[in-house]
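Geometric and topological summary
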Amino acid sequence: MTQHTNSPSVLLEENKRLSESALWRMQREYFDKESINAWVNQVPFYITSNPFIAHCYAQIVVNFIIDWTEKHPEAKQHTFYILEPGTGSGRFSFFTIKALVELLAALNMHDIRICYVMSDVTRNNINYYEKHPALQPYIEKNLIDFAIYNMETDKPITLLRQHIHLYPKTLQNPLIVFANYIFDTISHDAFTVHEKKLYELLISLKTETANLEGNRPVNLEKLETVYHIREAKPNYYSDPVLNDILAQYKAELHESSLLFPIGSFHAIKYLKKISNDKLLIISTDKGYSTLKSLDYHGHPSLSFHGSFSMMVNFHALAYYFKNTGGDAFLQTARKGIKTSIFCAGLNLDSLPRTHQAVQQYIEGFSPSDYFTLHRRVSDSFTECDLDTIASHMHLTRWDPHMYLKIKNRIISLVPEADPETLEFMAANMPKLAEHFYHLPKTECVLFEIGVFYHAIKQYQEALDYYEKSLPYIGEQFSLCYNIALCYHQLGDNEAALLQFKKARELNPDSKESEEWITYLEKQGDGEGEEGEEDKEEKE
Ligand SMILES: C[S@@+](CC[C@H](N)C(=O)[O-])C[C@H]1O[C@@H](n2cnc3c(N)ncnc32)[C@H](O)[C@@H]1O
């Protein structure tokens with residue numbers, strides 16, 4: 001993308017091969033600097049970080065483990081390692097390890113050992129995961145470990161807690177890799193096919209002087225990119241399979257520019273090497289899956305969203321796996337993100353349960369389909385009744401992110417709602433709470449669950465969730481006030497009075513707290529039976 005500005009600009013680099021551009025270093029520096037704050041209204045992540053996609057991945061993995069251990073009973077003596085490179089916020093990891101542990105338990109697969117490795121290029125993200133309350137139960141049982149892993153390098157992947165290197169001796173079982181929104185983030189090369197000739201695209205980078213701090217751009221969005229084309233040398237890569245892919249593009253594309261995921265190939269080759277060439281990769285990203293969809297594009301653009309991303313060439317990745325003794329499954333075209341499966345040293349046809357799970361959870365109603373529906377409901381929830389909202393919440397597998405969006409609508413519908421719908425929702429509120437994964441500057445769903453139970457007059461449950469929310473939202477007026485109301489409803493006026501007094505301290509202008517305090521103090525003195533109705537109306 002080229003952006004035009006009027007202020008003077010500086011040339012940062014000229015005619016670089018895209019994969020050798022400083023862009024990728026800037027990308028890593030961005031994530032390192034922002035760390036967990038990258039996911040506070042900057043980098044989009046809901047689409048790959050929800051309980052629905054986690055459930056799909058967990059189903060495929062558990063079916064894969066069943067297939068594998070049936071063929072290789074000795075595999076049960078070794079851990080199945082699951083590596084997530086570019087973990088990001090950690091929300092996906094949390095939902096997925098939770099779903100995996102539940103599925104393994106439900107299927108009585110107690111003899112299977114798994115270890116989920118949350119890895120990222122920046123230590124700052126790992127510092128966040130290590131202390132995260134939602135992950136602690138899994139960390140304590142060694143079900144989660146952490147690693148610093150830069151996919152552009154071949155540095156050993158070392159588990160920070162167990163001090164184990166992931167290498168051929170430790171990886172006795174196939175390595176399972178979850179690669180979400182990461183192949184779009186690491187380096188690509190770019191080419192143009194024109195009249196059956198192949199050109200490489202070289203990039204120049206400029207930015208306004210005002211966007212520089214110590215020679216480094218502050219805001220990546222203010223980078224100006226310009227492409228220059230040059231005929232590509234024959235045998236462009238040292239790997240003949242990659243050259244075969246380019247040859248196919250040269251011969252079969254009519255007229256197009258395309259990205260070539262060279263950073264992803266680098267990482268895949270390294271992961272193949274450390275896993276004895278036994279890999280199962282599940283990847284959800286934006287990209288192109290077919291030769292046809294790669295044709296007739298202009299020069300590739302960078303999408304900016306705090307960091308930047310580029311379209312993933314899933315077609316090239318699939319070609320590579322299929323032509324190096326592995327396999328690939330690309331879901332039929334969907335608008336938006338796509339989920340793909342890649343195997344090294346394995347063939348999906350020889351893994352019947354895995355194959356069936358891929359058909360059901362990827363080719364069937366997939367994370368991509370889920371997101372399309374989710375977005376529609378998110379955009380129109382003010383038109384939905386509570387029955388529809390409850391069903392949608394069920395489809396989301398009780399996802400706090402969705403609940404927080406529509407909570408006000410839910411509470412406003414409670415008074416007129418069907419009792420069975422309310423019962424359904426009330427029964428599932430604990431699932432919503434189980435999916436709570438705190439991120440900075442996001443609302444706390446535990447408090448909102450309290451509000452729901454409060455609205456349906458289940459005061460003990462309301463009180464329990466209000467209290468659970470305290471460590472996350474701190475002592476604040478609405479919390480103390482609501483807790484006080486619950487205590488009063490439960491007949492504990494002494495505790496209620498204490499909480500109303502705290503509420504008054506936190507908001508001295510609150511007339512309601514003052515009135516409640518006066519009322520309860522009179523009650524305590526044995527006065528004032530009357531006025532109870534007035535008080536209840538205030539709730
Ligand atoms: C777009 S985010 C995706 C996060 C997560 N997978 C998701 O779906 O939300 C990219 C993540 O990859 C990490 N990352 C960037 N470059 C990387 C590299 N070269 N190797 C490994 N991780 C990298 C970033 O720190 C960030 O956490």
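Each remark here, short or long, concerns the structure printed above.
First, a word on scope: everything that follows refers to the structure included in this document. (Residues numbered from 1 in each chain as written. Predicted model: local features only at pLDDT ≥ 70, side-chain atom pairs only at ≥ 80, totals over all residues. Heavy atoms only, no water.)

1. Some thoughts on the overall build of the protein
Basically, it comes down to this: Each helix is a run of H or I in the DSSP string that is no shorter than four residues. Each strand is a run of E no shorter than two, and both are numbered from the N terminus. Note on classification: 1.4 Å probe, protein chains only; a residue is buried when its accessible area is under 20% of the maximum for its type, exposed when over 50%, partly exposed between these limits. Two residues qualify as a contact provided that any one of their heavy atoms is within 4.5 Å of a heavy atom in the partner residue. Using a 1.4 Å probe, the Shrake-Rupley method yields the accessible areas, and only the shown protein chains count as cover for residues.
Helix and strand content of the protein: 20 helices and 20 strands. With the C-alpha coordinates of the protein rotated into their principal frame, the extents come out at 95 × 65 × 45 Å. Counting over 539 residues, the protein shows a buried share of 55%. Of the contacts formed within the protein by residues at least 6 apart in sequence, a portion of 74% connects residues at least 24 apart. When the accessible surface of the protein is totalled, it reaches about 23700 Å², and 49% of it is carbon and sulfur.

2. Remarks on the packing of aromatic side chains
Selection criterion: For Phe, Tyr and Trp, rings pair up if their centres lie within 6.5 Å, where Trp contributes its six-membered ring, and each pair is then called stacked (planes under 30 degrees apart), edge-to-face (over 60) or tilted (otherwise).
Using the criterion set out here, one finds 35 aromatic pairs in the structure. Taken together, a centroid distance of 5.0 Å and an interplanar angle of 80 degrees make the contact between Phe 191 and Tyr 236 edge-to-face. Pair noted here: Phe 191 is in strand 8 (residues 189–194) and Tyr 236 is in the loop between strand 12 (223–231) and helix 6 (240–252), with a separation of 45 residues, a long-range link. Each member of the pair, Phe 191 as well as Tyr 236, carries the same accessibility label: buried. Ring centres 5.5 Å apart and planes at 25 degrees place the aromatic pair Phe 477 and Tyr 481 in the stacked group.

3. Some details on the packing of helix 14 (residues 419–434) against helix 15 (residues 445–455)
Filter applied, for reference: Note on geometry: axes are C-alpha line fits, over the in-contact stretch for helices, and angles between N-to-C directions span 0 to 180 degrees. Roughly parallel means an angle under 35 degrees; roughly antiparallel, over 145; roughly perpendicular, 65 to 115; everything else is oblique. Each crossing gets its hand from how the near helix is turned against the far one by less than a right angle, where anticlockwise is left-handed and clockwise is right-handed. Gly is put with the polar residues, along with every residue not named as nonpolar or charged; the nonpolar set is Ala, Val, Leu, Ile, Met, Phe, Trp, Tyr, Cys and Pro, and the charged set is Asp, Glu, Lys and Arg.
Close contact between helix 14 and helix 15 brings their axes to 10 Å; oriented N to C, the two are set at 160 degrees. Taken together, the axes of helix 14 and helix 15 are roughly antiparallel relative to one another. Helix-helix and strand crossings are classified by hand; for helix 14 and helix 15 the assignment is left-handed. Taking contact as the criterion, the partners of Leu 422, Met 425, Ala 426, Met 429, Pro 430, Leu 432 and Ala 433 in helix 14 are, on helix 15, Val 445, Leu 446, Ile 449, Phe 452 and Tyr 453. The class makeup of the residues in the contact of helix 14 with helix 15 is 12 nonpolar, no polar and no charged.

4. A word on the environment of Tyr 46
Heads up, the condition is: We define a polar contact as two N or O atoms separated by no more than 3.5 Å, with the added condition that, inside protein, one atom must be a possible hydrogen donor and the other a possible acceptor, whereas residues neighbouring each other in sequence contribute only through side-chain atom pairs.
By the secondary structure assignment, Tyr 46 is in the loop between helix 1 (23–34) and helix 2 (51–71). Once the C-alpha coordinates of Tyr 46 and Thr 69 are considered, the two residues, 23 residues apart in sequence, prove to be 33 Å apart. Setting aside anything within four residues of it in sequence, one finds Tyr 46 in contact with Tyr 370, Phe 371, His 374, Asp 399 and His 401. A polar side-chain atom of Tyr 46 sits 2.7 Å from a polar atom in the side chain of Tyr 370.

5. Considerations on helix 19 (residues 511–524)
It helps to recall that an α-helix has 3.6 residues per turn; residues three or four apart then point in one direction. What counts, and what does not: A helix is expected to span 1.5 Å for every residue after the first.
For helix 19, spanning 14 residues, the distance from its first C-alpha to its last is 20 Å, which sits close to the expected 20 Å at 1.5 Å a residue. Buried within helix 19 are the following residues: Ser 513, Trp 516, Ile 517, Tyr 519 and Leu 520.

6. Quick look at the pattern of salt bridges
How we decide: Take a side-chain nitrogen of Lys or Arg and a carboxyl oxygen of Asp or Glu: if they are within 4 Å of each other, that pair is a salt bridge.
Under the criterion given, the structure shown has 17 salt bridges. Between Glu 443 and Lys 407 there is a salt bridge, with its nearest N and O atoms 2.9 Å apart. You can see Glu 443 sitting in the loop between helix 14 and helix 15 and its partner Lys 407 sitting in helix 13 (residues 400–413), a full 36 residues away along the chain. The salt bridge involving Lys 501 is made with Glu 521; its shortest N-O contact spans 3.3 Å. Note that Lys 501 is positioned in helix 18 (residues 493–506) and Glu 521 in helix 19, a separation of 20 residues in sequence. Overall, the relative accessible area of 31% leaves Lys 501 in the partly exposed class. Given a relative accessible area of 33%, Glu 521 falls into the partly exposed group. Several salt bridges share partner residues, and in doing so they unite Arg 25, Glu 29 and Arg 216 into one network.

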